[in-house]
Amino acid sequence: SAASDVYKRQGINAEYGLKLSMADDKLKLLAQLIKDSSSIVFFTGAGMSVESGIPDFRSPGGLWTKYPPEVYAQFDTFLKEPERFWQMCLDVEHLLRDAQPNKGHEAIVELENTHSKKVTILTQNIDGLHGLAGSSRVIELHGSGRSGKCFDCNRKFSSADIRSLAEQPLPPSCPSCNSKKVKPDVVLFGEALPNEVIHGSQEAVKQCQLLIVVGSSLVVAPANSIPRLLWMNLQTF
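Residues numbered from 1 in each chain as written. Predicted model: local features only at pLDDT ≥ 70, side-chain atom pairs only at ≥ 80, totals over all residues. Heavy atoms only, no water.

Draft legend 1. Molecular detail of the packing of aromatic side chains. Scanning the entire structure with this criterion turns up 7 aromatic pairs. Between Trp 64 and Phe 189 the ring centres are 6.1 Å apart and the planes differ by 55 degrees, which places this aromatic pair in the tilted class. In this pair, Trp 64 sits in helix H3 (residues 63-66) while Phe 189 sits in the loop between strand E6 (182-186) and helix H10 (195-207), placing the two residues 125 residues apart along the sequence. A relative accessible area of 18% means that Trp 64 is categorised as buried. Residues Tyr 67 and Tyr 72 carry aromatic rings whose centres are separated by 4.9 Å and whose planes lie at 75 degrees to one another, so their mutual orientation is edge-to-face. (Phe/Tyr/Trp six-rings, centres within 6.5 Å; stacked < 30°, edge-to-face > 60°. Helix = DSSP H or I, 4+ residues; strand = E, 2+ residues; numbered from the N terminus. Buried < 20%, exposed > 50% of the residue type's maximum accessible area, 1.4 Å probe, protein only.)

Draft legend 2. Representation of the nonpolar core. Grouped together as the largest cluster of nonpolar side chains are 24 residues, with contacts concentrated most on Leu 63, Phe 85, Met 88, Phe 157 and Leu 188. Residue assignment for this core shows that the elements contributing at least two residues are H3, helix H5 (75-80), helix H6 (82-97), helix H9 (159-166) and E6. At 5 residues, the largest contribution of residues to this core is made by H6. Contacts of Phe 85, omitting those with residues within four sequence positions, involve Tyr 72, Phe 78, Lys 183, Pro 184, Val 186 and Leu 188. Listed in part, the 13 residues of the second largest apolar core include Val 205, Leu 211, Ile 226 and Leu 229. (Core = buried A, V, L, I, M, F, W, Y, C linked by side-chain atoms within 4.5 Å. Contact = heavy atoms within 4.5 Å.)

Draft legend 3. Geometry of the sheet that holds strand E5 (residues 156-157). Strand order in the open sheet formed by 3 strands is E5-E4-E6, and the pairing between neighbours is antiparallel. Of all strands in the sheet, those bounded by a partner on one side alone are E5 and E6. Sheet topology places strand E4 (residues 143-150) next to E5; 2 bridges connect them, and they run antiparallel. The residue bridging Gly 148 from the neighbouring strand is Phe 157, located in E5. (Pairing = 2+ DSSP bridges.)

Draft legend 4. Focus on the environment of Val 182. Note that Val 182 resides in strand E6. Ignoring any residue separated from it by four or fewer positions in sequence, one finds Val 182 in contact with Phe 78, Trp 86, Lys 149, Cys 150, Phe 157, Leu 165, Pro 172, Ser 173 and Cys 174.

Below you can see the structure in the form of structure tokens.
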């Protein structure tokens with residue numbers, strides 16, 4: 001075909017060239033969908049922050065290789081052996097400490113600020129980079145390390161408090177009741193998502209015209225069920 005001849009002259013395998021053409025068509029379609037939508041939801045996962053220097057936890061060599069989640073990131077394990085969680089927590093804090101938003105985060109902000117789109121971000125990430133980039137509507141499905149609490153006396157902790165606790169011998173103790181059940185507000189496996197997070201996410205998806213999933217394999221429940229609400233909502237029309 002003529003297209004194959006062009007690819008050959010450019011030193012491009014015809015099959016690969018076809019894939020490039022299809023990818024280009026998909027990008028054009030996505031651009032048109034974004035242009036035609038005034039209300040957009042971005043559902044983002046770990047892949048969103050890889051260019052910020054934060055590795056995907058599930059990839060080979062990622063955090064789960066060193067800290068198997070069934071041992072270090074289970075809520076039941078935290079209650080019994082909080083020192084395991086804090087060992088992992090310190091490594092995560094080191095990864096996040098100097099991370100900055102990348103061009104992907106900035107592009108989403110530009111849609112909101114320059115193109116007057118109503119953009120809501122539902123993120124599985126705990127790095128806070130969407131907010132740091134300037135996005136105004138961010139729902140952190142799995143929480144963040146900017147706050148925390150004691151599970152025995154319910155004392156609340158600020159970001160500065162969490163950093164101070166992390167400097168104690170592990171696991172740190174609550175200054176009010178001396179409990180070891182102190183944790184940043186990140187959601188562990190086996191821990192329920194806050195009701196306000198579930199409700200806010202569901203409403204955002206139900207009201208949006210376009211939902212874009214970025215950097216998520218959609219395997220972590222229950223957050224992975226949220227994008228499906230858009231399809232269920234479409235079935236009611």
